[in-house]
Amino acid sequence: SAVISQKPSRDICQRGTSLTIQCQVDSQVTMMFWYRQQPGQSLTLIATANQGSEATYESGFVIDKFPISRPNLTFSTLTVSNMSPEDSSIYLCSAGLGGGELFFGEGSRLTVL
Amino acid sequence: GQQVMQIPQYQHVQEGEDFTTYCNSSTTLSNIQWYKQRPGGHPVFLIQLVKSGEVKKQKRLTFQFGEAKKNSSLHITATQTTDVGTYFCAAFWRGSQGNLIFGKGTKLSVKP
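Here is what the cut-offs are and how they apply
- Residues numbered from 1 in each chain as written.
- Chains lettered and ligands numbered in written order.
- Predicted model: local features only at pLDDT ≥ 70, side-chain atom pairs only at ≥ 80, totals over all residues.
- Heavy atoms only, no water.
- Phe/Tyr/Trp six-rings, centres within 6.5 Å; stacked < 30°, edge-to-face > 60°.
- Helix = DSSP H or I, 4+ residues; strand = E, 2+ residues; numbered from the N terminus.
- Buried < 20%, exposed > 50% of the residue type's maximum accessible area, 1.4 Å probe, protein only.
- Disulfide = S-S within 2.5 Å.
- Contact = heavy atoms within 4.5 Å.
- Buried area = accessible area lost by both parts, 1.4 Å probe.
- Salt bridge = Lys/Arg side-chain N within 4 Å of Asp/Glu carboxyl O.
- Polar contact = N/O pair within 3.5 Å; in protein donor to acceptor, adjacent residues only side chain to side chain.
- Nonpolar A, V, L, I, M, F, W, Y, C, P; charged D, E, K, R; others polar.

**What to know about the packing of aromatic side chains**
Residue and element names in this part refer to chain A. Tallied over the entire structure, the rule returns 10 aromatic pairs over all chains. Pairing Phe66 with Tyr91 gives two aromatic rings, centres 6.5 Å apart and planes at 45 degrees, and the pair type is tilted. Placement of Phe66 in the loop between strand 6 (56-57) and strand 7 (68-72) and of Tyr91 in strand 9 (residues 89-96) is noted, with a sequence separation of 25 residues between them. A single burial state applies to Phe66 and to Tyr91, both of which are buried.

Written out as structure tokens, the structure reads:
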């Protein structure tokens, strides 16, 4: 299994600013992903965080808006840039060990005013 | 668009009643996973089904994968208040670089 720590756990931000969310895994993992979850909704995959290279984004998500870093096998960051109220959501970091199942962090609840 | 359709969206049951959620896909799935998310919590992996017609049990939970590998179900026998939460099915989808895509989930509430 993997234990995933995310921070901040929540934040309130002003429109037009950017916020970086950090994700730390307690062991080396092959795959790391970032999901977004609106309250009461399902999880939407934003991108795969690739170690040492550019992230792979899903349709509807772009690097300029959601830049992602993954400098090593245990750490990743997601930045939400130039935020608007529509970006208010829970952002979840997840990791896979290769067996298929994903482990999730507690999430970062973002409110944009 | 959504690759795995999940129904119902909500289910309210009396404690002790059974509960079932269904997941359907228009395409054959390589495997399917189920997650549970408690209110205010994060998704937690329950199980993965791989084989056609596979049935797995975890105490009061029974998971099934259809013969055609296009549908799956999660059945809870004699629900308890601890079963409250949202149950998601998830499948790997080629259109997403083979990454895990989640259904919309079924939110279960249990009345004591």
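**Structural notes on the state of the cysteines**
In the structure shown here, the tally under the stated rule is 2 disulfides over all chains. Between the sulfur atoms of Cys23(B) and its disulfide mate Cys89(B) the distance is 2.0 Å. Linking Cys23(B) and Cys89(B), the disulfide has an S-S dihedral of approximately 65 degrees and is accordingly described as right-handed. Of the two residues, Cys23(B) sits in strand 3 (residues 19-25) while Cys89(B) sits in strand 9 (residues 85-93), which places them 66 residues apart along the sequence. A residue is classified by how much of its surface remains accessible, and Cys23(B), at 1% relative accessible area, is buried. Here Cys13(A) is not disulfide-linked; the sulfur of Cys23(A) is the nearest cysteine sulfur, at 18 Å.

**Observations concerning the interface of chain B and chain A**
Residue-level contacts link 17 residues of chain B with 20 residues of chain A. For the pair chain B and chain A, the summed buried area comes to about 1,400 Å², and 51% of that belongs to carbon and sulfur atoms. Three residues, His42(B), Asn99(B) and Phe102(B), lead the burial of chain B against chain A; their summed loss comes to 33% of the area buried on that side. Counting the contacts that link chain B with chain A gives 0 salt bridges. Where chain B packs against chain A, one counts 6 residue pairs in polar contact (both at pLDDT 80 or more). By residue number, the principal contributor to the side of chain B that touches chain A is strand 10 (residues 99-102) of chain B, which donates 4 residues. Grouping the amino acids of the side of chain B that touches chain A by side-chain chemistry returns 8 nonpolar, 8 polar and 1 charged.

Note that every value here comes from positions in space, so none of it alone points to a role or purpose.
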